[in-house]
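# Examination of the molecular architecture
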Amino acid sequence: MKKIFGFLLAAVLLVGFSGVTVADAAKLRIGAHRSLWGSFEIIADKMGYWKAEGLDYEVGHYKQGKLMRNAIIQGNLDTGTTGFSPFTTAISKGAKVQAIGVTANICAATAIVVPVKSKAKTLADVKGMVFANKKGTSTDFSFQQYVVPAHGLKSSDFPLLSVRTTERVAAIVSGNAKAAMLGDPMLEISIQAGQVRSLENLCKYDKTRMMHVGNPATLKKHPELYEKYFRGWLMAHKLLKDNPDEYAKIYHKDLVDIGTKVKLDIIKVIVRRLRSEVFITGEVKTYLNDMARRQKKMGWIKKTADFTKTKFIDDSILRKVAKEMNYTN
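A brief report on the enclosed structure follows. (Residues numbered from 1 in each chain as written. Predicted model: local features only at pLDDT ≥ 70, side-chain atom pairs only at ≥ 80, totals over all residues. Heavy atoms only, no water.)

## A word on the sheet that holds strand β8 (residues 179–183)
Our working definition: Pairs of strands are assigned from DSSP output, requiring at least two bridges between the strands. Secondary structure counts use DSSP, requiring at least four H or I residues in a row for a helix and at least two E residues in a row for a strand, with both numbered from the N terminus. Comment: axis = line fitted to C-alpha atoms, over the contacting stretch for helices; angle = value between 0 and 180 degrees taken between N-to-C directions.
On the basis of which strands lie adjacent, the open sheet formed by five strands has the order β7-β6-β8-β5-β9 and mixed pairing. The open sheet terminates on both sides in strands that have one partner only, identified here as β7 (160–162) and β9 (196–201). With direction set aside, neighbouring strand axes in the sheet form an average angle of 35 degrees. Both strand β5 (residues 110–115) and β9 contribute to a ladder of five bridges, which runs antiparallel.

What follows is the structure in structure tokens.
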């Protein structure tokens, strides 16, 4: 009997300790965009905001938001940033990825560029020339649906070279593209390097934004991880508002550490173009519905979702944390 009792006690203790181990071992897998809008993750990490919250995490770097969306759908990532367009196409096709906040408004940090010696003054001047962008992205959607029509042109007037952001400057310099869509930091870095010239940004055409997304399974199992995550993430947003020069200094160091040759003064210019908008508002949901309808007409999706009702939009954790921190947009 003693042996049986001892065995049962050992089993209970083992289960108890195993439960603690599993809880303690929960680690949030965070995706950071290589473009400027990934700087919030860089700041939260380098400033120790997440460590101060006791968050166990790891950060992976991605060259495209669509890659983070795919990683979440595949169960290989817990949170990251993707464009509104890749998010709506994913939901409309039945994929499981949840919108949990808006990363930022990037319209001022994204511009149409041409080679520095180009004589082009407007988009109409590069009609018929190869345009470098990434198919299916939010900037591609914005370009086709808002920018091109505003100039009385058609999408077919601009043959697309579909390449990632990190490859577009090379496409311009090599002559493989005569115009491109570039985002910061590559936008300002390439301008200062004398490689490209900006025609205009996207702000007068579209409120181009990035969506913060999460893994539905992890959100259900470990919502506490996202609370800790958002506290650190919002601290980064707060630093951008309160002390953009300090924000730029930290971001600059990270860029230099990964081999990007850029002066601090350039980064100070760049970070002031990033607009902090974090909540999923009614206007955002209406925009997503309109985007989905347009995507269907473009042939990108076969059916639309109602983004005012879908369960895959929920920024309640972010709002809860923001309220506790007295954080406002």
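## As for the pairing of strand β10 (residues 209–214)
So the rule is basically this: Here the term buried applies to any residue with accessible area under 20% of the maximum for its type, exposed to any over 50%, and partly exposed to those in between, with areas from a 1.4 Å probe on protein chains only.
With six of its six residues buried, β10 lies for the most part within the structure. Burial along β10 is two-sided: the residues R209, M211 and V213 and M210, H212 and G214 are all buried. Direction of pairing for strand β3 (residues 79–83) relative to β10: antiparallel, over a ladder of five bridges. Looking across to β10, one finds that G80 is bridged to V213.

## Focus: the state of the cysteines
The condition is simple: In this description, the term disulfide denotes a pair of cysteine sulfurs within 2.5 Å.
Under the counting rule described, the total for this entry stands at one disulfide. There is a disulfide in this structure between C107 and C203, and the S-S distance comes to 2.1 Å. With the S-S bond torsion at 85 degrees, the cross-link from C107 to C203 turns out right-handed. Of this pair, C107 sits in the loop between β4 (98–105) and β5 while C203 sits in the loop between β9 and β10, and the two are 96 residues apart along the sequence.

## Some points on the pattern of salt bridges
Here is the rule: Note on definitions: salt bridges are taken to be side-chain nitrogens of Lys or Arg within 4 Å of carboxyl oxygens of Asp or Glu.
A full pass over the atoms with the stated rule returns 18 salt bridges. The closest approach of N and O atoms between D290 and R293, which form a salt bridge, is 4.0 Å. Here D290 and its partner R293 are both found in helix α13 (residues 282–298), three residues apart, which amounts to about one turn of the helix. The salt bridge partner of R294 is D290, with a shortest N-O separation of 2.9 Å. In this pair, R294 and D290 both sit in helix α13, four residues apart, roughly one turn of the helix. Linked by salt bridges that have partners in common, E53, E227, R231, K320 and E324 make up one network.

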